[in-house]
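Read off the chains here:
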Amino acid sequence: VNSEEYKWLKASVLPLPSKFEQKPDLFACHPAFYASRPPSSADDETLAMRDDTYRFGVLADWTLRDSLACVLEGKFKIGEQHNGLGEVVNYGRLLVQHTALPRKNMDIVLFDKEEFWVVGFVGGATVKITKCFWTTPGALNLLKSAFKFSNEWSLVLDAAH
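Procedures and definitions
- Residues numbered from 1 in each chain as written.
- Predicted model: local features only at pLDDT ≥ 70, side-chain atom pairs only at ≥ 80, totals over all residues.
- Heavy atoms only, no water.
- Salt bridge = Lys/Arg side-chain N within 4 Å of Asp/Glu carboxyl O.
- Helix = DSSP H or I, 4+ residues; strand = E, 2+ residues; numbered from the N terminus.
- Buried < 20%, exposed > 50% of the residue type's maximum accessible area, 1.4 Å probe, protein only.
- Polar contact = N/O pair within 3.5 Å; in protein donor to acceptor, adjacent residues only side chain to side chain.
- Contact = heavy atoms within 4.5 Å.
- Pairing = 2+ DSSP bridges.
- Axes fitted to C-alpha atoms, helices over the stretch in contact; angles between N-to-C directions.
- Core = buried A, V, L, I, M, F, W, Y, C linked by side-chain atoms within 4.5 Å.
- Disulfide = S-S within 2.5 Å.

(A) View of the pattern of salt bridges. According to the stated counting rule, one finds four salt bridges in the structure shown. The partner of Glu87 in a salt bridge is Lys75, with the nearest N and O atoms 2.6 Å apart. In this pair, Glu87 sits in helix α2 (residues 85-96) while Lys75 sits in the loop between β4 (68-74) and α2, placing the two residues 12 residues apart along the sequence. Accessibility expressed as a relative area gives 30% for Glu87, which makes it partly exposed. Measuring nitrogen to oxygen at the nearest pair gives 2.9 Å for the salt bridge that ties Lys77 to Glu114. Of this pair, Lys77 sits in the loop between β4 and α2 while Glu114 sits in the loop between β5 (105-111) and β6 (115-122), and the two are 37 residues apart along the sequence. Overall, the relative accessible area of 34% leaves Lys77 in the partly exposed class. Of the residues examined, Glu114 reaches a relative accessible area of 40% and is grouped as partly exposed. By sharing partners, the salt bridges in this structure join Glu73, Lys75 and Glu87 into a single network.

Take a look at the structure:
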């Protein structure tokens, strides 16, 4: 789900104004767990590439954050400056800390056109960063592993489908 234009990731467990909420570029979840929003504006070339499989929106409710399969943040170039890593670390911290939810770990993918990093979190702390070029043997399997997650809610919805 493309969410780069919409704030939904809460910046604190305290009730803060929405201006402090974050806007991750993309996230993956069961279709029942996101709230649709209008597509973001784009140039004609981008609009021509979109079809009805593109989704835009936000997580339907903050309490559903344990149902996210993955969050993704894209950058023009990660590079030696580690562009975007601070954002990703903050997202991971906010998604899994201070929660009584059964899920205490998550992978977030930071990517550009040449490489991606799978950043692993446990209890809000960064525990691993795996860097990989898109062309590296095994890259697809590493990326797929970042999306392998389902919870009881997702399984029940899939079984009812």
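(B) Highlighting the side chain of Glu21. Locating Glu21 in the fold gives a position in the segment before β1 (26-29). For Glu21, a relative accessible area of 16% gives the class buried. Of the polar contacts made by the side chain of Glu21, one reaches the side chain of Lys10; its length is 3.3 Å. Every residue in contact with Glu21, bar those within four places of it in the chain, is listed here: Lys7, Trp8, Leu9 and Lys10.

(C) Structural detail: the sheet that holds β6. Spatially, the five strands line up as an open sheet ordered β1-β4-β5-β6-β7, and their pairing is mixed. The open sheet terminates on both sides in strands that have one partner only, identified here as β1 and β7 (125-133). Strand-to-strand, the axes of this sheet are offset by a mean angle of 20°, without reference to chain direction. Examined bridge by bridge, β1 and β4 share four bridges and lie antiparallel to one another. Bridging from a neighbouring strand, Leu26 pairs with Leu72 of β4. Sitting on the sheet, α2 touches β4, β5, β6 and β7, and the angle it makes with β5 is about 160°.

(D) Up close: the nonpolar core. Formed by 27 residues in total, the largest nonpolar core has its most connected members in Trp8, Phe27, Leu68, Val71, Leu95 and Ile108. In terms of residue count, the dominant contributor to this core is α2 (six residues). Among all residues touching Phe27, those that are not within four sequence positions of it are Val1, Ser3, Trp8, Tyr34, Gly57, Val58, Leu59, Leu68, Cys70, Val71 and Leu72. In terms of nonpolar packing, the next biggest core, distinct from the first, is built from 10 residues, Leu72, Cys132, Leu142 and Leu143 among them.

(E) Broad picture of the state of the cysteines. The final tally for this structure, using the stated rule, is zero disulfides. Of all cysteine sulfurs, the one in Cys70 lies closest to Cys29, which takes part in no disulfide; the gap is 11 Å. Here Cys70 falls in the buried class, since its relative accessible area comes to 0%.

Function cannot be inferred from these measures alone, as they are strictly geometric.
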